[in-house]
Amino acid sequence: LLMDGWIMTHIVAYLCVLGSFLNGFDQCTVPESEFQLEGDYLIGGLFDIHQVNSSFYHHRPEAIDCSRFQLMRFSVEEINNSTKLLPNVSLGYEIFDHCTDSVNFPGPLNLIAVNGLIQPLEEPHKNLSKVIAVVGTYTSPQARAVAPLFMMNLIPMVSYGAASSIFSRRQIYPSFMRTVHASKDVIEVIFSILTEFNWKWVAFLYVDDSYGIDGLQLFLKKIKDTDICLAYNKALDHYSDYKAIFKQINAQNVNVIIVFAPEWTVEELMKSVKQINVTNKVWIAGDAWSLNKKIRDQIQGIKSIGTVLGVAEPNMTIPGFREFIYSFKAQTHCENAKQQKFCNQICHCSSLTAEEIIDADPSFSFPVYSAVYSIAHALHNILQCGAYGCKANIKVYPHMVILCLLSLNLTLFKNCVQVPTSVCSTECDVGYKKTQYGIHKCCFNCTICPNGTYNNITEDPYSCINCNNTQWSEEGSTSCSLRVVEYTPFTDIWAIGIMVGAFILVFISLALSVLFALNYNTPVVKSAGGPMCFLILGCLSLSSLSVFFYFGEPTVAFCILRYLPFLLFFTVCLACFVVRSFQIVCIFKIAAQIPKLHSWWMKYHGQWLFITVAFVTQAIFLLINYIYAPPSSKMDIYWNPQKIILGCDIDFKAALISLVLPLLFCFLCFVFSYMGKDLPKNYNEAKAITFCLLLLILTWIIFATGSILYQGKYMQPLQSLAVLSSLYSFLLWYFFPKCYIIIFQPQKNTHHYFQNLIQSYTKTISQ
């Protein structure tokens, strides 16, 4: 380890002088529960219970601070009573009064000694003391004096007040840590204050030790190459001539004075300020004295002292500490004469009231508390503690605590130092817009932005901005998200099932065509329509082409082809059924009553003429429809705010012209079917056609109902299923009964059988 030669010389001297009588040397005699507590693991404490600010002899203590070491006692007791932190493990402590850095080596030596002996050259990690870490010291000079003793065995030294930048040098102080801001951070804040108020001509007063000199060097480095000038600087000690100092400050017309010194130095300074009558200055306090109650009382007693600004550590109230002090007030008994040899002081902690201890300088209360808790959490991690306790077979060495402390991320007392607020209206939550009321922009109501809008507080906090058509947002959003584009792809399970159904329909139609061709001259085929059967089956197959264009991303071509084949060829099918129904009624009823009509119908092949006219007319209607109002692809952005449903847009008013013939043919089929309800059953197609038409109507009623209730991406498969069901209703219920007779009841498929039925019908009519 690297260390200053001066420090090493003093350490060796103290080791030689003190090593022989260390066991017999003791500090102020106090109750054992005050400064010592047995435990599984020991934490050392170095506290300035008495504070001496110079090296000459003191018979009486200059100051008494019983608060910080009591905070260490309270923290250890709180941890030992905790069931979550170090369960079933007890912490102990040994606290020493470190009143000055010149005569207080016995305390640190006691902490590193083993059985009263110190062997600096011993191999590492062997014969180590029971101490796993040390809390202290308070000042930078004290820490610099004793730190090398703890660095030898890598015992963690967690300081609650030493702020000098030298301790950041890890190669010199490998096991030193602190729970306060370094002097560099304090200087940064002081520099920010000077910059904020445009103060460029300042004085810097500092304590004449390593802490103060370090602060001056950091300040000089910070203001280098800036507009701030250091008009005057002076080191302060017990012999400082304050009258001469302020005479020079006034002579140079300096109004801003930075005081970078501990509280006892500032106390002397403020006494002189009052005596000399220094007035109307701006004082910038370092964190060492900015919250000190005694100095605050001094300042309040100085007339026209000016403005005092301070940099301070967080002033946090430690929950439970007040009750701890009231229940167990610190008491020290200093009858032992050995104490005078140690600190040349007499203890009077017992004379302090509980309130005096609680209301002491709060600047470094929380750093003490957090130092103890940091060590405890590090030990908790080393022992791998859980809900049911800690592992007892782990040997803990101080260097292990260092590694855990370096990686520790600990938060205590969340939301305990809150800044006062003064607002007309509390800021709106994200996703809310401001609605100003009154004449002041600071007064407003908050209104949540609805679905489809968002609020951007940096762009315009007073409005909800609409998302565009391809985006969506939930209520109270700060941005829009892209909508999911949906349509039914060819790979969808519903699409595959429906397309397979269309292929099966074509296959059945082909099979029926073969069956009817083989039995073409039989009465059943002729009664079904003869050659017209092949036209119907062909049109049913061609109509099924529409099904395939309901899947995939909709385009203009797909939108046209999903309607054109069905509307054209299914209309031809309906025309065939109208002709078939009319022919049967005509043969049995109209031929005898209007023979000329029957003769004309037969002579000019009226059935084919009718079907041709129907085909041409429907083709013209579709052409007109697609010219003036062609289908197009569309994006449905209203059904689901998070999705865009792709589909086809149809002008229903224009499309009505292409529905005239199908609707008319359905009506005529019903009329002719009703007229022929009493015909011979082998020639009576009324029931079959009527049932097919009822299925057709029911199918499209179901589809219409579904389209009202649902508009998602499966609307397209639902419509294609309606088309396929319409085709199957005629294929199955019109042709399958005839197939059944041809295959399974051939005795009914004879001219003799049909002739008998006609004769029976004629007799019935004549009666």
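What you are looking at is a predicted structure, and each value in this text was computed from that prediction instead of being measured.

### Remarks on helix α5 (residues 140-152)
Helix length check: α5 (13 residues) gives 19 Å between terminal C-alpha atoms against 18 Å at 1.5 Å per residue, within 8%. Where α5 bends most, the angle comes to about 40 degrees, and this point is Val146, followed within four residues by the proline Pro148. Just downstream of α5 lies Leu154, where phi reads positive at about 55 degrees.

### Some remarks on the state of the cysteines
Under the criterion given, the structure shown has six disulfides. In this model Cys385 forms its disulfide with Cys390; the gap between the sulfur atoms is 1.9 Å. Classification of the bridge connecting Cys385 and Cys390 rests on its S-S torsion, roughly 110 degrees, and on that basis the disulfide is right-handed. For Cys390, a relative accessible area of 21% gives the class partly exposed.

### Looking at the sheet that holds strand β19 (residues 632-636)
With mixed pairing, three strands are arranged side by side in an open sheet as β18-β20-β19. The open sheet has two edge strands with one neighbour each: β18 (484-486) and β19. Each strand axis lies, on average, 30 degrees off the axis of its neighbour in the sheet, ignoring direction. For β19 and strand β20 (residues 643-649), the ladder comprises five bridges, and the chain directions are antiparallel. Across the sheet, the residue bridging to Ser633 is Cys648, located in β20.

### Some details on the nonpolar core
Membership of the largest hydrophobic core comes to 65 residues, with the highest contact counts inside it found for Phe516, Ile536, Leu693, Phe730, Leu731, Tyr734 and Phe735. The biggest single contributor to this core is helix α20 (residues 564-593), with 13 residues. Counting 57 residues, the second largest nonpolar core, distinct from the first, contains Ala133, Val372, Cys385 and Ile402.

### As for the pattern of salt bridges
Summed over the entire model, instances satisfying the criterion amount to six salt bridges. The salt bridge involving Glu427 is made with Lys434; its shortest N-O contact spans 3.3 Å. Under the relative-accessibility criterion, Glu427 is labelled partly exposed at 48%. For Lys434, a relative accessible area of 12% puts it in the buried group. The salt bridge partner of Glu486 is Lys643, with a shortest N-O separation of 3.3 Å. Placement of the pair is Glu486 in strand β18 and Lys643 in strand β20, with a sequence separation of 157 residues. Under the relative-accessibility criterion, Glu486 is labelled buried at 16%. Among the residues examined, Lys643 registers a relative accessible area of 28% and is labelled partly exposed.

### Quick look at the pairing of β20
Taken across its seven residues, β20 has five buried, putting it largely inside the fold. When β18 meets β20, the two strands line up parallel, connected through three bridges. Note that in β20 the partner of Val484 across the bridge is Lys643. Hairpin connection of β19 to β20: six residues between the antiparallel strands.

### Considerations on the environment of Asn292
Structurally, Asn292 is set in the loop between β10 (281-285) and α10 (293-300). Given a relative accessible area of 7%, Asn292 falls into the buried group. Along the backbone, Asn292 and Ser363 are 71 residues apart, and their C-alpha atoms lie at a distance of 7.3 Å. Separated by 3.0 Å, the side chain of Asn292 and the backbone nitrogen of Ile295 make a polar contact.

### A closer look at unusual backbone geometry
Backbone phi values are negative for most residues with the exception of glycine, while trans is the configuration of most peptide bonds. Here the amide bond leading from Gly136 into Thr137 is cis, since omega sits at -5 degrees, within 30 degrees of zero. By the secondary structure assignment, Thr137 is in the loop between β4 (131-135) and α5. Phi is positive for Asn198, which is not a glycine, with a value near 60 degrees. Residue placement: Asn198 occurs in the loop between α6 (183-196) and β7 (201-207). Classification of Asn198 by relative accessible area gives exposed; the value is 53%. Here the phi dihedral of Asn253 falls at roughly 60 degrees; this positive angle occurs in a residue that is not glycine.

### With respect to the UniProt feature "transmembrane region" (unreviewed entry) in the protein chain
As annotated in UniProt, the feature "transmembrane region" (unreviewed entry) corresponds to residues 493-520, 532-551, 563-588, 608-629, 655-676, 688-710 and 716-736 in the numbering used here. Here residues 688-710 is 96% helix and 0% strand, with 33 Å between the C-alpha atoms at its ends. Helix makes up 100% of residues 716-736 and strand 0%, and the two end C-alpha atoms of the span are 29 Å apart.

Procedures and definitions
Residues numbered from 1 in each chain as written. Predicted model: local features only at pLDDT ≥ 70, side-chain atom pairs only at ≥ 80, totals over all residues. Heavy atoms only, no water. Helix = DSSP H or I, 4+ residues; strand = E, 2+ residues; numbered from the N terminus. Expected span 1.5 Å × (residues − 1). Bend = angle between axes of the 7 residues up to and from the residue. Disulfide = S-S within 2.5 Å. Buried < 20%, exposed > 50% of the residue type's maximum accessible area, 1.4 Å probe, protein only. Pairing = 2+ DSSP bridges. Axes fitted to C-alpha atoms, helices over the stretch in contact; angles between N-to-C directions. Core = buried A, V, L, I, M, F, W, Y, C linked by side-chain atoms within 4.5 Å. Salt bridge = Lys/Arg side-chain N within 4 Å of Asp/Glu carboxyl O. Polar contact = N/O pair within 3.5 Å; in protein donor to acceptor, adjacent residues only side chain to side chain. UniProt positions renumbered as here; feature names shortened; annotations may be inferred.

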